[in-house]
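Results of the structural survey
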Amino acid sequence: MFLEINNIKKSFGEAENRIEVLKGIDLSIDKGEFCVLLGPSGSGKSTLLNIIGGIDSSDEGYISIDGEKTGEMKEKKLTLYRRKHLGYIFQMYNLIPNLTIRENIEVGAYLSDKPLDIDDMLQTLGIYEHQHKLPNQLSGGQQQRTAIGRALIKNPDILLCDEPTGALDYNTSKGILKLIETVNQKYGNTVVMVTHNDAIKYMADQVVHLKDGTIRKSYHNENKIPAEELDW
Amino acid sequence: MRNPLQKRLLRELRDEAGKYAVIFILLVATIGFVSGFLVADSSMRITYDESFEKYNIEDGYFDVKKEMTQEQKAVLEKNEITIYENYFMEEELTNGSTLRIYADREDVDRGCLMEGHLPEQAGEIAIDRMYAENNKIAVGDTIGSADREWTVSGYVALSDYSSLFSDNNDSMFDAVKFGVAIVPKEDFDTFSKKTLHYRYAWTYGTEPVNETAENDRAEDLMKAMGKAVSLESFVPRYQNQAIIFTGNDMGSDKGMMTALLYMIIVILAFVFGITISNTITKEANTIGTLRASGYTRGELVRHYISMPLLVTLIGAVLGNILGYTVLEKVVCQMYYGSYSLTKYVTAWSGEAFWKTTVVPIIMMMIINLLILNHKMKVSPLKFIRRDLSRRKQKRAVRLGVMVPFFTRFRLRIIFQNMSNYAMLLVGIIFANLLLFFGLALPEVLDHYQDDIQQNMLSSYQYMLSVPVSVMSEESKIKSLISMLEFSKAVETDNESAEKFTAYSLNTTDDICDGEEILLYGIQKDSQYVPLDVSEGQVYISKGYADKHLLKAGHTITLKEKYKDDSYDFVVTGIYDYMGTLSLFINQDQLNEMFDLDQDYFSGYFSDTEITDINDKYIGSVVDLEALTKISRQLDVSMGSMMYLVDGFAILIFMVLIYLLSKIVIEKNGQSISMVKILGYGNGEISRLYIFSTSFMVVLFLLLSMVIDYYFMLVIFRQIMLESFSGWIEFHITAGIFIKMFILGIVTYAVVAVLEVRKIRKVPMDEALKNVE
Ligand SMILES: Nc1ncnc2c1ncn2[C@@H]1O[C@H](COP(=O)(O)OP(=O)(O)OP(=O)(O)O)[C@@H](O)[C@H]1O
Ligand SMILES: [Mg+2]
């Protein structure tokens with residue numbers, strides 16, 4: 001198994017304020033799989049994603065990626081690990097305001113020994129003609145595509161997305177989803193995406209429903225449909 | 001591949017051009033000035049040190065009444081010394097000054113031509129450059145006394161007169177009233193023998209290895225000479241003020257300049273630090289994302305620290321270029337304004353490089369690294385959540401609804417900006433400290449000068465000088481006769497004159513080791529020093545007490561300078577006298593303590609001039625003129641420096657207040673555009689935001705003055721300990737605080753007006769665009 005999530009438990013706060021956010025999560029994701037995490041607000045989706053990405057730690061259990069347990073790594077090694085294998089996309093684009101679109105993507109490329117071609121990426125993202133603009137001269141969707149470009153340019157093994165389309169309209173969201181789908185198929189990256197949008201489950205290989213810190217439902221899609229045909 | 005983040009640097013520079021320009025100019029100016037100062041100082045130092053060999057400066061001189069015979073000379077030279085004639089005559093010039101004229105000397109104490117040419121024929125004279133400048137005498141001018149005239153052929157610097165002391169016993173020199181000059185040897189020989197002073201210089205065959213050896217050597221030499229000739233005076237080089245004063249005084253401001261530089265660097269590092277930490281707060285989400293995708297903490301720290309380092313590096317390079325080219329000359333000119341130094345060559349100074357380039361960069365790096373590391377310790381997740389404080393969430397302070405809404409709003413703004421205000425406070429403390437420094441120093445000096453003049457022990461204080469012939473050990477009879485002659489000659493009929501004994505010893509404490517303390521042996525019921533000096537009573541001057549932190553009841557140990565004998569005194573009380581570091585005891589007790597005759601005395605206090613004692617028995621007179629000499633010279637040598645520091649302090653103060661309040665107000669830009677969207681007018685917003693900051697600025701200005709006063713006491717004390725041989729009281733008036741406050745308010749008002757205009761221009765979409 002490529003990505004193994006084993007009995008992950010996590011709680012926040014002390015004493016009477018203590019809440020158990022994740023109550024023992026087990027999950028396996030294959031290489032190249034597109035996995036969608038669904039669930040109501042506060043169910044622990046982001047927390048789980050952050051633990052997978054190694055920017056948060058679990059109280060119990062472990063994450064193993066390609067046989068390596070991230071929980072055992074020291075901060076330095078963990079950073080190096082993220083650098084080599086992970087790509088992150090958040091709901092907020094978090095671009096660097098005084099770097100151009102192209103340069104923002106270069107910021108991602110810098111992290112990899114063999115990054116993808118930037119021009120190709122800009123074309124794929126559909127922002128080639130905007131490459132020399134600054135982020136605040138672009139629309140939200142264009143900015144999000146830049147953020148995706150920054151994550152993808154280093155061709156990460158795993159792409160972690162936390163509501164990448166949360167702030168975007170129907171069409172733009174669909175465009176972003178198509179993009180992620182294309183990339184997933186073209187480069188075979190494993191994708192884990194957190195979303196509120198129930199419709200997205202149809203394009204996933206694996207669908208996981210979280211509620212109150214446990215997995216309520218988890219299944220593989222027999223016939224997934226392309227992002228193009230999604231509707232909500 | 002270069003880190004693409006670095007591409008931001010140039011843009012950041014361009015976007016914040018104003019701020020960086022200000023910092024940069026400040027940096028260049030400070031580094032340039034201090035580097036110029038240090039380079040000039042070391043070049044001058046080298047020039048001075050090398051002058052001893054280059055111009056063959058004497059190891060000492062002695063005066064005799066009659067010209068020595070060849071035989072006498074030969075006898076003296078048996079002591080492994082070489083003797084040179086160094087005759088001079090003195091002329092009262094028509095401009096009211098005294099000119100000491102030597103023959104152009106070729107073997108010892110050679111001169112250095114500064115301008116024009118050396119005198120070649122009768123009627124030509126080369127005069128000291130500084131004296132000439134002080135008296136506005138140009139090359140080619142004619143100068144003259146009642147019965148002679150010369151044409152000035154050029155300016156010279158005489159190596160044995162780098163400080164123009166006319167009398168070695170003077171405490172300060174006066175380069176307006178006294179100058180030195182040379183005329184051609186042939187011309188000199190035509191002078192009347194009557195007016196000649198027979199001075200001889202000597203040099204040792206082998207130089208003594210250290211000061212103590214030199215002292216022993218000189219003492220032996222004096223005894224030996226006393227047998228052969230009748231000495232009028234005997235001054236080894238290490239006691240010759242005209243030669244050593246310059247060397248001792250040089251570099252005394254160095255500590256102050258370096259302290260100033262470091263202070264400014266710390267301030268700038270601090271400004272950079274808060275700028276960066278603001279940027280980090282602003283870019284928290286981005287930093288979190290970058291960290292999450294694998295950027296190491298080190299990479300980000302390196303990125304954020306590049307700007308201050310780059311600016312400092314370029315500033316240091318430019319500053320040094322400026323220092324070596326322009327400012328060094330300016331500072332050298334200042335040296336030439338105080339001393340008669342020979343020509344100098346700019347020398348590379350390792351110390352200057354270290355202090356103005358290496359240390360600032362290291363300081364900048366350390367301070368920013370500390371701030372950055374602290375800031376960056378936060379985990380990536382917290383960055384993404386913009387949860388940067390590492391403390392537990394504070395609960396919002398409850399404000400009752402009774403408080404008017406606007407006041408509550410303002411209070412909220414203040415609470416919200418607590419950390420900014422803390423930084424503003426620290427900044428204002430720094431800035432005000434500099435300003436305080438600049439404003440207080442001239443006032444302190446003024447007060448010192450007034451005080452000294454008003455609180456003289458007596459209008460005239462005569463220090464008698466025992467003729468060297470008394471010391472003749474070999475011929476006891478001769479010595480006795482001289483002594484008798486002397487004691488008769490120094491009696492006066494002046495009614496107001498009062499005898500005292502003076503003796504000097506050195507301190508042995510940790511505060512300022514080896515400092516000279518003047519012991520006064522005072523008569524009981526003295527009318528000049530109204531102290532009860534009965535047996536065993538010991539009073540010290542306030543200057544001494546302040547500098548050495550002494551109080552009644554303390555025991556002090558003093559020792560002889562070149563011997564190991566030491567003496568203990570228990571302080572009975574403090575005498576309110578700042579002029580010198582002195583100790584007052586009973587005269588009989590003092591005489592006994594140092595094995596002096598029972599009715600021995602070494603000087604007179606007097607309210608009127610004493611006219612019936614031969615000048616040759618009077619070593620020095622401390623009178624109003626002598627004291628104003630000190631203040632005049634202090635003004636010449638420190639005045640220009642002080643005003644530079646002054647101007648600089650005010651400049652930096654303004655810049656700092658500007659930068660800090662700008663940062664605070666800018667940080668609120670987001671909320672400002674937010675309330676703008678809500679429909680608040682510009683006036684209201686200004687009243688809300690500017691008012692809160694203004695209130696804090698006023699509060700901090702007041703607070704910082706109190707804090708800085710205490711800082712200043714410590715700093716001033718340190719400067720006094722390091723660079724002055726006396727003691728100057730830190731005495732200031734309330735006027736300084738008023739000046740400081742007004743300057744602070746005015747500066748801030750300028751910033752506030754600029755910021756109000758800026759608030760007007762804050763675009764409304766800023767809140768929407770940048771909210772991440
Ligand atoms: N740092 C934290 N400290 C305390 N509680 C936290 C922290 N982070 C998350 N939580 C709590 O953990 C729970 C799960 O949060 P999480 O962000 O994982 O939810 P989510 O499923 O992503 O919700 P949403 O869909 O709204 O983003 C929430 O109740 C939240 O309050
Ligand atoms: Mg979430």
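Keep in mind that what you see is a predicted model, and the values were worked out from it rather than measured.

1. A short note on the overall build of chain B
- Looking only at helices and strands, chain B features 22 helices and 21 strands.
- Structurally, chain B occupies a C-alpha span of about 105 × 65 × 45 Å along its principal axes.
- For chain B, the proportion of its 772 residues judged to be buried stands at 54%.
- In chain B, 81% of the contacts between residues at least 6 apart in sequence involve partners at least 24 apart.
- Of the roughly 34,900 Å² of accessible surface on chain B, a fraction of 57% belongs to carbon and sulfur atoms.
- Separation of charge centres in chain B, based on 74 positive and 98 negative side chains, amounts to 20 Å.

2. A few points about helix H7 (residues 241-249) of chain B
Residue and element names in this part refer to chain B.
- Turning to H7, its buried residues number three or more, namely Ala242, Ile243, Ile244, Phe245, Thr246 and Gly247.
- Where H7 is buried, its residues touch helix H2 (17-54).
- For H7, the side-chain oxygen to backbone nitrogen distance between the N-cap and alanine 242 is 3.1 Å, and the N-cap itself is asparagine 240.
- After H7 finishes, the residue glycine 251 shows a positive phi value of roughly 75°.

3. Details of the side chain of B:Thr258
Residues and elements named next belong to chain B.
- Within the secondary structure, threonine 258 sits in helix H8 (residues 254-282).
- In this structure threonine 258 comes out as buried when scored by relative accessible area, which is 7%.
- Ignoring anything within four residues of it in the chain, the contact list for threonine 258 reads Leu38 and Lys355.

4. Considering the site of ligand 1
- Surrounding ligand 1, one finds 13 residues, the nearest of these being A:Ser41, A:Lys45, A:Ser46, A:Thr47 and B:Arg385.
- About the coverage of ligand 1: the protein hides 65% of its 630 Å² of free accessible area.
- No other element matches the three residues that helix H1 (residues 45-53) of chain A contributes to the shell around ligand 1.
- Of the residues belonging to the shell around ligand 1, the class tally is three nonpolar, seven polar and three charged.

5. Details of the nonpolar core
- With 204 residues, the main nonpolar core has B:Phe62, B:Ile125, B:Ile127, B:Phe569 and B:Leu583 as its most contacted residues.
- Considering each element in turn, this core owes the most residues, 19 residues, to helix H14 (residues 418-454) of chain B.
- Within the second largest apolar cluster, 37 residues are counted, among which are A:Val36, A:Tyr93, A:Leu179 and A:Val191.

6. Brief notes about the packing of aromatic side chains
- Evaluation of the coordinates by the stated rule reveals 39 aromatic pairs over all chains.
- Consider the rings of A:Tyr88 and A:Phe90, whose centres lie 5.1 Å apart with planes at 5°: the pair is stacked.
- We classify A:Tyr88 as buried; its relative accessible area is 3%.
- An aromatic cluster of at least three residues, connected via ring pairs, comprises B:Phe62, B:Tyr87, B:Tyr198, B:Tyr200, B:Trp202, B:Tyr204 and B:Phe234.
- We note B:Arg100 situated over the ring of B:Phe88; from NZ or CZ to the ring centre the distance is 4.6 Å.
- For the cation-ring pair, B:Arg105 lies above B:Tyr102, with the distance from its terminal atom to the ring centre recorded as 4.1 Å.

Cut-offs applied
Residues numbered from 1 in each chain as written. Chains lettered and ligands numbered in written order. Predicted model: local features only at pLDDT ≥ 70, side-chain atom pairs only at ≥ 80, totals over all residues. Heavy atoms only, no water. Helix = DSSP H or I, 4+ residues; strand = E, 2+ residues; numbered from the N terminus. Buried < 20%, exposed > 50% of the residue type's maximum accessible area, 1.4 Å probe, protein only. Contact = heavy atoms within 4.5 Å. Areas by Shrake-Rupley, 256 points an atom, 1.4 Å probe, with all protein chains shown as cover. Lys, Arg positive; Asp, Glu negative; His and termini not counted. Charge placed at Lys NZ, Arg CZ, Asp CG, Glu CD. Polar contact = N/O pair within 3.5 Å; in protein donor to acceptor, adjacent residues only side chain to side chain. Near = heavy atom within 4 Å. Nonpolar A, V, L, I, M, F, W, Y, C, P; charged D, E, K, R; others polar. Core = buried A, V, L, I, M, F, W, Y, C linked by side-chain atoms within 4.5 Å. Phe/Tyr/Trp six-rings, centres within 6.5 Å; stacked < 30°, edge-to-face > 60°. Lys NZ or Arg CZ within 6 Å of the ring centre and 35° of its normal.

All we've got here are geometric facts, nothing functional implied.
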